[in-house]
Every structure is written in C-alpha cells, then in structure tokens.
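# Observations on chain architecture
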Amino acid sequence: MEKIRIEKGKMVVPDCPVIPFIEGDGVGPEITVAMQKIVNAAVEKAYGGVRRIAWKEVLAGEKAFRSVGSWLPEETMEAFREYLVGIKGPLTTPVGGGIRSLNVALRQTLDLYVCLRPVRWFRGVASPVKEPQKVDMHIFRENTEDIYAGIEWNAGTPEAEKFLRFLTEEMGVTKVRFPESSSFGVKPVSREGTERLVRAAIEYALERGLPTVTLVHKGNIMKFTEGGFKNWGYALAEREFGDRVFTTPQFEAIRKAEGADAAHRAMEEARAAGRLVVNDCIADAFLQNTLLTPERYSVIATLNLNGDYVSDQLAAMVGGIGIAPGANINYRSGHAIFEATHGTAPDIAGENLVNPCSLLLSAVMMLDYLGWREAGALITTALENSFARGRATADLARFMPEGTALTTSDFATEIVAAL
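If you're wondering where the values come from, they're calculated on a predicted model, not measured in any experiment.

The subject of this paragraph is the sheet that holds strand S10 (residues 212-217). Pairing is mixed across the open sheet formed by eleven strands, whose spatial order is S4-S3-S5-S15-S14-S6-S7-S13-S10-S12-S11. The outermost strands of the open sheet, each flanked by one partner alone, are strand S4 (54-57) and strand S11 (245-247). Going from strand to strand, the sheet's axes swing by 25° on average, the running direction of each strand aside. Looking at chain direction, strand S14 (residues 325-329) and strand S15 (residues 336-340) are connected through five bridges and run antiparallel. From the neighbouring strand, Pro-325 faces S15, where its bridge partner is Ala-340. Across the sheet, helix H1 (residues 28-47) is in contact with strand S3 (18-22), S4, strand S5 (85-88) and S15; its angle to S4 comes to roughly 165°. Sitting on the sheet, helix H12 (residues 357-370) is in contact with S3, S4, S5, strand S6 (114-120), S14 and S15, with an inclination near 160° to S15.

Written out as structure tokens, the structure reads:
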C-alpha cells in the first residue's frame, strides 16, 4: 500500500494506492458497498491482480457525529490531503447550525476548484427527450467562487443593515427596491478563478480530442462578474493556447475585416486543422439549446450557479441524477474527491433499493483520473449491456420496456458477472 504522489508536476500512482472513502449517510453505505465490489472486480479483471485499491474509511456526516462528535473531523481532512484522491457517498448537511455544507467545506478546504460532471446517455435508459444519444457533454463548474463563497446577510440583522448603509451611503446605490426587508449576497468572480477553470476545461478537451469548449455565462446582465468570466476566459484561451484554439473573438475580427464568408471559411479551416473551437453562450439560451441542439456542445465551462442548473438539466435528459457522476478536482495539487451527485434518500435507506450508478460512475471517473482506464471501460461496458437488456434498479427499470427491477446488491452482483 502506497500513497499517490505528485512528482515534477505529474501524478505518480502506485499499483496499490490508498484511497480514502466516506461511505455517506442514508443510502450511502449501500451504494458504497456495491461500488467497491464492482470496482475491485474490474481492477482484478483488467490487471490480473497486479493492481488493486487499498480502501481506507474516513468519517464525515452523521456517522462521524455519532462516533467522534464532529460532522467533519480534522482526521478526515488530513487523509484527503495526504492521499490526494478519494471518493464519498452523499452526506447530510447539519440543520440549525454547524457547518454550512459538508460538501462545500470539503471543496473549499482542499481548493477543489473544478466540479466536473460528464453527462452521457446509456442505451436502454428511458429519457424525456427524443434523441438523448445526442447528449454527450462535460461540465466544468467553478467550485469555489460565485454563490459557493457563501457571502450573505439575513434581512433584519445588524450585518444586513450595515451592508445596506454601505451600499447607499458609500457606494451611492439606489436600486434596492425594498431595503428594510432585503437580504443581501455578494457574488465574487475573479480573473484567477476564471483562468484556472477555463484552462482545465481547454486542456481536458485537447487531451481527449473534443471539438469545442463553450463558456456559459449571464454576462449580458452581470457585466463585471459573468461578463468578466467570458472575457477572461477568451483572453486565457488565446494567450496560453495560441494556434491550438480558434475563438469567437477571432471569428468576429475576421468577419469585421473580411466579411462573413471569410470568417466562416476560417472557422472551417480551423476545425479541419484540429483546432479547438472556444465559443460562448448566454446561460438561458444555452439551457434552451441543450434541448434543441445538444450535439453542438461538448465541454462546458461555467460559473457555479449556472453549472448547478446545467448539470441537473442535462442529467434529467439522459435518465436522471441516479446515473450522473461527479468529481471535485484541483488539477494543480492533484487533490480530487469523486462523489455521488444525489442526496441521502433517507426514505429508502436500508431497503436494498437504491441505484448505485452515480457513485459507481464517479468511481469510473476516478479510475480514469488514476490512469486505470481499462478497468473503468470494463464497468462502463457492463452497465451498457445491462441497461440494454432492461436490467437495472427499480428507479430505471420501471421506465424500460420489459424492464426487470433488481435490488442494489443483485445489480452489483450482475455487473460483476458481466465484467
């Protein structure tokens, strides 16, 4: 058993890496057991026993609070710092005080600035749209700024009153419609935060040969925060990636100088040469476009709140959040936590009914991050074959023609057999 480490800016993964895991609250223990069973079998199948994962449980959430009196023990944070890569089930957020959100605390403490949410359709899974196979996107959601900064003050508090006085007396703001009953929030968006997110999205697209990166924003209204995100993103793309990209500002410059035909020719020549197209879209138009022409989009780079809406809508288009994986990553330090994207589902906890695929597909992302793509591919293929035959947990099987509903444990057993 060894630690994953960074050497000369590159991740070094031993054959038996220690992976900390949080089993999670509610249905967390059930999906964690299923995930580990399948991942262990896939790694064994892919590498013939040469590689394996040494799982190390760490505590957070209700289990941690019951055991050690802390919702997020420092020992857990230290384990994620030390071992770099981990995975977690869903966690309950304390009510009535304490940590604002356990998930947010983990992301901000480790500076996991990318929330990566790949969304694709599996044949056999029912969808509310006609052509779900056209949905194949990778969302890079900024994970530390925007609303996740949590800077806000409740109406009627001394802090809100002080902030209101500052706005009106110091900054000359006159647009607060109902000042006495208003709560306030501050939305920080920085050039540095934008650049590291967009850089990660572009590098991801280039490494995988994907055709586009789209900056999704609301810069037509929020000109200095979301508009800044767009402008800083384009500037970063052109400055750091040069002739490997072709951006909308470059297209517009050619159009103004030489006409629309020349601009479109330049675009086609760039695509033919394998250059990555970096464009942008207003957030509300983007949500419409994902329903009408999802095939136009590949990698999405966006701010926190937009990314929340976008990733959940896209998940619904391919069958629901139950098959939506997610990861929180710092590409500079190498730290990453992969996670189930759904909640704790206490109403079905312990009933052996829950769909483990969100956590399982997050584990596939983890294997890919470690460079163990062969094991991840085995799991993905097994899932595709199972869904195509109508065999899934009840949440998916009930919408499949002649679907067969399996328990959580039976589904895990079936996927292992299909490897």
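After that view of the structure, there is still more to cover.
It is worth spelling out the nonpolar core at this point. By size, the foremost hydrophobic cluster in this structure holds 76 residues, and its most contacted members are Ile-202, Val-213, Ile-379, Leu-383 and Phe-387. Among the elements that take part in this core, H12 stands out by supplying eleven residues, more than any other. If we ignore the near neighbours within four places in the chain, the residues touching Ile-202 are Val-213, Leu-236, Ala-237, Phe-241, Val-245, Leu-276 and Val-278. Among the nonpolar cores identified, the runner-up in size contains 18 residues, and Ile-22, Ala-54, Phe-80 and Leu-110 belong to it.

Where H1 meets H12, the axes come as close as 9 Å, and the angle between the chain directions of the two elements is 40°. For the element pair H1 / H12, the angle class is oblique. For the pair H1 and H12, the sense of crossing is right-handed. Two secondary-structure elements touch here, H1 through Ile-31, Thr-32, Met-35, Ile-38, Val-39 and Val-43 and H12 through Leu-359, Leu-360, Ala-363 and Leu-367.

Quick look at the environment of Phe-338 now. Its location among the elements puts Phe-338 in strand S15. Between the C-alpha atom of Phe-338 and that of Ala-382, which follows or precedes it by 44 residues, the distance is 20 Å. For Phe-338, the residues in contact, after removing those within four places along its chain, are Val-85, Gly-86, Ile-87, Lys-88, Gly-326, Ala-327, Ser-362, Met-365, Met-366 and Tyr-369.

Before going further, it helps to spend a moment on the pattern of salt bridges. Taken as a whole and judged by the stated rule, the model has 28 salt bridges. With a shortest N-O distance of 2.7 Å, Glu-339 and Arg-107 are connected by a salt bridge. Residue Glu-339 is located in strand S15, and its partner Arg-107 is located in helix H4 (residues 102-109); the two are separated by 232 residues in the primary sequence. Considered together, Glu-339 and Arg-107 belong to a single accessibility category, that of buried residues. Here Asp-111 and Arg-196 are joined by a salt bridge, their closest N and O atoms 2.8 Å apart. Residue Asp-111 is found in the loop between H4 and S6, and its partner Arg-196 is found in helix H6 (residues 191-208); the two are separated by 85 residues along the sequence. With relative accessibility at 28%, the residue Asp-111 sits in the partly exposed group. The class for Arg-196 is buried, based on a relative accessible area of 12%.

What counts and how
Residues numbered from 1 in each chain as written. Predicted model: local features only at pLDDT ≥ 70, side-chain atom pairs only at ≥ 80, totals over all residues. Heavy atoms only, no water. Pairing = 2+ DSSP bridges. Helix = DSSP H or I, 4+ residues; strand = E, 2+ residues; numbered from the N terminus. Axes fitted to C-alpha atoms, helices over the stretch in contact; angles between N-to-C directions. Contact = heavy atoms within 4.5 Å. Core = buried A, V, L, I, M, F, W, Y, C linked by side-chain atoms within 4.5 Å. Buried < 20%, exposed > 50% of the residue type's maximum accessible area, 1.4 Å probe, protein only. Parallel < 35°, antiparallel > 145°, perpendicular 65-115°, else oblique. Left-handed = near helix turned anticlockwise from the far one by under 90°. Salt bridge = Lys/Arg side-chain N within 4 Å of Asp/Glu carboxyl O.

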